[in-house]
Amino acid sequence: MQTHRAIIKGVGHYLPERVVPNSEFEKTLDTSDAWIRTRTGIERRHFAAEGQLTSDLAIRAARAALRDAVLSVDEIDAVIVATSTPDQTFPSTATKVQAALDMTHGFAFDLQAVCAGFVFALSNANAMIVSGQARRVMVIGAETFSRIMDWQDRSTCVLFGDGAGAVILEASEGTGGPNDQGILATDLHSDGRFNSLLYVDGGVSSTQTTGVLKMEGPEIFKHAVQKLAQTAETALAKAGLTDRDVDWIVPHQANLRIIKATAQKMHVPMERVVVTVQNHGNTSAASIPIALSVGAARGQIKPGDLLVAEAIGGGLTWGSVVLRW
Ligand code: ACO
């Protein structure tokens, strides 16, 4: 049966110039490079320069994806930016990206699902393409988590970094079967009972301040390992596939131990997992598109490969996308 599919037409990413190695935290906190590496797999992260905004990172990633897709902005119908660290309360960061790209047609909006934001955005973009609402959608994950860190809290501030990644989805025709190119299935969840495990203690209608990130790390860890494998398996089943069909897991890059435990639950060897967390830490909604971009540039992800991307974030929110590259 002929079906509309959303295929990945281009991918790109941007990491700010300033690189901060773990050793830098040893100067101000009771921590060590060895602790951070062994507990998280993180070796360094990038921080945006003073005055460099989430939209600045997003625009760099967007341009890279347009170049990769060999498309001009005139050919894009919509821009979605997944972010929890927007430039301003409003307007959306997506409209700022739209303006910077000289795009005066179509529509742009932000989507907020914390670290699961890119998976939620990809799922929404897929639905818009499959329903015929848009033909090409740019989906960006962009974050400046360095702006919401408590620099005295060693259990959180060593974990996060800044960055952006972007993909361009394009409408295509498929058979409706699992061998089609493009997005084959998505699976999204949230459960607001877990708000207090991971949150920012400020906001527009509550404190009128930005606030800083608070996290129950070990609790999140337990939820992550259980929920990520489950959502990935569910999405694979929706696509008529199993974990044996997976060429690459492209996980949210939060912690190498979570990534390894999830892969193990799915019986996928680490040789088939794209890992970039060592180079940028947890970049929240930006981490999956960065990993897609790096994985493709490294020559790991090749046309025809079956990918499952999975993420969990504050909310809790979690979900996965199964796609053929
Ligand atoms: N350096 C040295 N010691 C530290 C540090 C640090 N940077 N941070 C914590 N510790 C200490 C703790 O104080 C604790 O000491 P204690 O035993 O004396 O109390 C000890 O190390 C162990 O702490 P745990 O929190 O139990 O360590 P754990 O092995 O669980 O690792 C971590 C902590 C890395 C936070 C882990 O729980 C984790 O990765 N959780 C998931 C976090 C995550 O992925 N969050 C992102 C979700 S997505 C989003 O939406 C943002």
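These numbers come from a predicted model, not from an experiment. (Residues numbered from 1 in each chain as written. Predicted model: local features only at pLDDT ≥ 70, side-chain atom pairs only at ≥ 80, totals over all residues. Heavy atoms only, no water.)

Description of the site of the ligand
Right, so step 1: In the vicinity of the ligand lie 27 residues, with Thr31, Arg39, Cys115, Arg154 and Asn255 positioned nearest.
Right, so step 2: Between the ligand and the protein, one listed contact pairs a nitrogen atom with a backbone N or O atom of arginine 154 at 2.9 Å.
Right, so step 3: Here an oxygen atom of the ligand sits 2.9 Å away from a polar atom, N or O, in the main chain of glycine 314.
Right, so step 4: Burial of the ligand by the surrounding chains reaches 74%, relative to a free accessible area of 1,000 Å².
Right, so step 5: For the shell around the ligand, the elements supplying multiple residues, two or more each, are helix H1 (33-40), helix H5 (154-157), helix H6 (217-238), helix H7 (256-265) and strand E12 (306-313).
Right, so step 6: With four residues, H6 is the single largest residue contributor to the shell around the ligand. (Near = heavy atom within 4 Å. Polar contact = N/O pair within 3.5 Å; in protein donor to acceptor, adjacent residues only side chain to side chain. Areas by Shrake-Rupley, 256 points an atom, 1.4 Å probe, with all protein chains shown as cover. Helix = DSSP H or I, 4+ residues; strand = E, 2+ residues; numbered from the N terminus.)

Re the layout of surface pockets
Right, so step 1: Of the pockets and cavities examined, the largest pocket occupies roughly 950 Å³.
Right, so step 2: In terms of lining residues, the largest pocket is bounded by 38 residues, among which Ser84, Thr85, Pro86, Gln112 and Thr210 are the most central.
Right, so step 3: With three residues, strand E9 (residues 198-200) is the largest single contributor of residues to the lining of the largest pocket.
Right, so step 4: For the lining of the largest pocket, the residue count by class is 15 nonpolar, 20 polar and three charged.
Right, so step 5: The residue makeup of the lining of the largest pocket includes at least three contributed by each of domain 1 (3-174) and domain 2 (182-324).
Right, so step 6: Taken as a whole, the second largest pocket holds about 620 Å³ of empty space.
Right, so step 7: Contributing to the lining of the second largest pocket are 33 residues, with Ser155, Leu159, Met215, Gly217 and Asn255 lying nearest its centre.
Right, so step 8: Of all the secondary-structure elements, those providing two or more residues to the lining of the second largest pocket are H1, H5, H6, H7 and E12.
Right, so step 9: The element best represented in the lining of the second largest pocket is H6, accounting for six residues.
Right, so step 10: Formed jointly, the lining of the second largest pocket draws a minimum of three residues from each of two domains, domain 1 (3-174) and domain 2 (182-324). (1 Å grid on protein atoms, 1.4 Å probe; cavity = no way out; pocket = protein on both sides within 12 Å on 5 of 7 lines; lining within 4 Å. Points joined across faces, edges and corners; volume = space filled by probe spheres on them. Nonpolar A, V, L, I, M, F, W, Y, C, P; charged D, E, K, R; others polar. Domains from an automatic or database assignment.)

Some points on helix H3 (residues 93-100)
Right, so step 1: Residues of H3 that are buried include every one of Thr93, Ala94, Val97 and Gln98, and no others. The buried residues of H3 occupy an angular sector of 145° when projected down its axis, which confines them to one face.
Right, so step 2: In the core, the buried residues of H3 are packed alongside helix H2 (54-69), strand E4 (78-82), strand E5 (107-111) and strand E6 (136-144).
Right, so step 3: Following H3 by one or two positions, aspartate 102 has its phi on the positive side, about 60°. (Buried < 20%, exposed > 50% of the residue type's maximum accessible area, 1.4 Å probe, protein only. Arc of directions from axis to C-beta. Contact = heavy atoms within 4.5 Å.)

Some details on the sheet that holds strand E13 (residues 317-324)
Right, so step 1: Pairing is mixed in the open sheet, where four strands are placed in the order E8-E13-E12-E11. Each of the sheet's edge strands pairs with one partner strand only, and the pair in question is strand E8 (182-190) and strand E11 (248-251). Taking the axes of each pair of neighbouring strands and ignoring which way they run, one obtains an average angle of 15° across the sheet.
Right, so step 2: Summarising the sheet, E12 and E13 pair through eight bridges and their orientation is antiparallel. Looking across to E13, one finds that alanine 309 is bridged to valine 321. (Pairing = 2+ DSSP bridges. Axes fitted to C-alpha atoms, helices over the stretch in contact; angles between N-to-C directions.)

Re the domain arrangement of the chain
Right, so step 1: In terms of domain boundaries, the chain breaks down into domain 1 (3-174) and domain 2 (182-324).
Right, so step 2: Placing the centre of domain 1 and that of domain 2 at their C-alpha centroids yields a distance of 14 Å.
Right, so step 3: In this assembly, 49 residues from domain 1 lie in contact with 47 residues from domain 2.
Right, so step 4: Summed over both partners, the interface of domain 1 with domain 2 buries about 3,700 Å², with 68% contributed by carbon and sulfur atoms.
Right, so step 5: Three residues stand out in domain 1 for area buried against domain 2, namely Cys115, Val119 and Ile148, and they jointly supply 17% of the buried area on that side.
Right, so step 6: Inspection of the region where domain 1 meets domain 2 yields zero salt bridges.
Right, so step 7: At the boundary of domain 1 with domain 2, the tally comes to 18 residue pairs in polar contact (both at pLDDT 80 or more).
Right, so step 8: Put simply, the parts of the chain that give the side of domain 1 that touches domain 2 at least two residues each are strand E1 (3-14), H1, strand E3 (44-47), helix H4 (117-130), E6, H5 and strand E7 (162-174).
Right, so step 9: Considering only residue class, the side of domain 1 that touches domain 2 consists of 25 nonpolar, 16 polar and eight charged. (Buried area = accessible area lost by both parts, 1.4 Å probe. Salt bridge = Lys/Arg side-chain N within 4 Å of Asp/Glu carboxyl O.)

Quick word on the side chain of threonine 54
Right, so step 1: Structurally, threonine 54 is set in helix H2.
Right, so step 2: Using a relative accessible area of 2% as the deciding quantity, one classes threonine 54 as buried.
Right, so step 3: Of the polar contacts made by the side chain of threonine 54, one reaches the backbone oxygen of threonine 85; its length is 2.5 Å.
Right, so step 4: Once residues lying within four places of it in the same chain are set aside, the contact partners of threonine 54 are Thr83, Thr85, Asp87, Thr93, Ala142, Glu143 and Thr144.

Points about the nonpolar core
Right, so step 1: If you look at the biggest cluster of nonpolar residues, it comprises 47 residues, and the most contacted ones within it are Ile249, Met266 and Val322.
Right, so step 2: Those elements giving two or more residues to this core turn out to be E8, H6, H7, E12 and E13.
Right, so step 3: Counting residues domain by domain, this core receives three or more from each of domain 1 (3-174) and domain 2 (182-324).
Right, so step 4: Beyond its immediate chain neighbours, meaning those up to four positions away, methionine 266 contacts Ala229, Ala232, Glu233, Leu236, Asp243, Ile249 and Val308.
Right, so step 5: Leu122, Val167, Val250 and Ala285 belong to the second largest nonpolar core, which has 38 residues in total. (Core = buried A, V, L, I, M, F, W, Y, C linked by side-chain atoms within 4.5 Å.)

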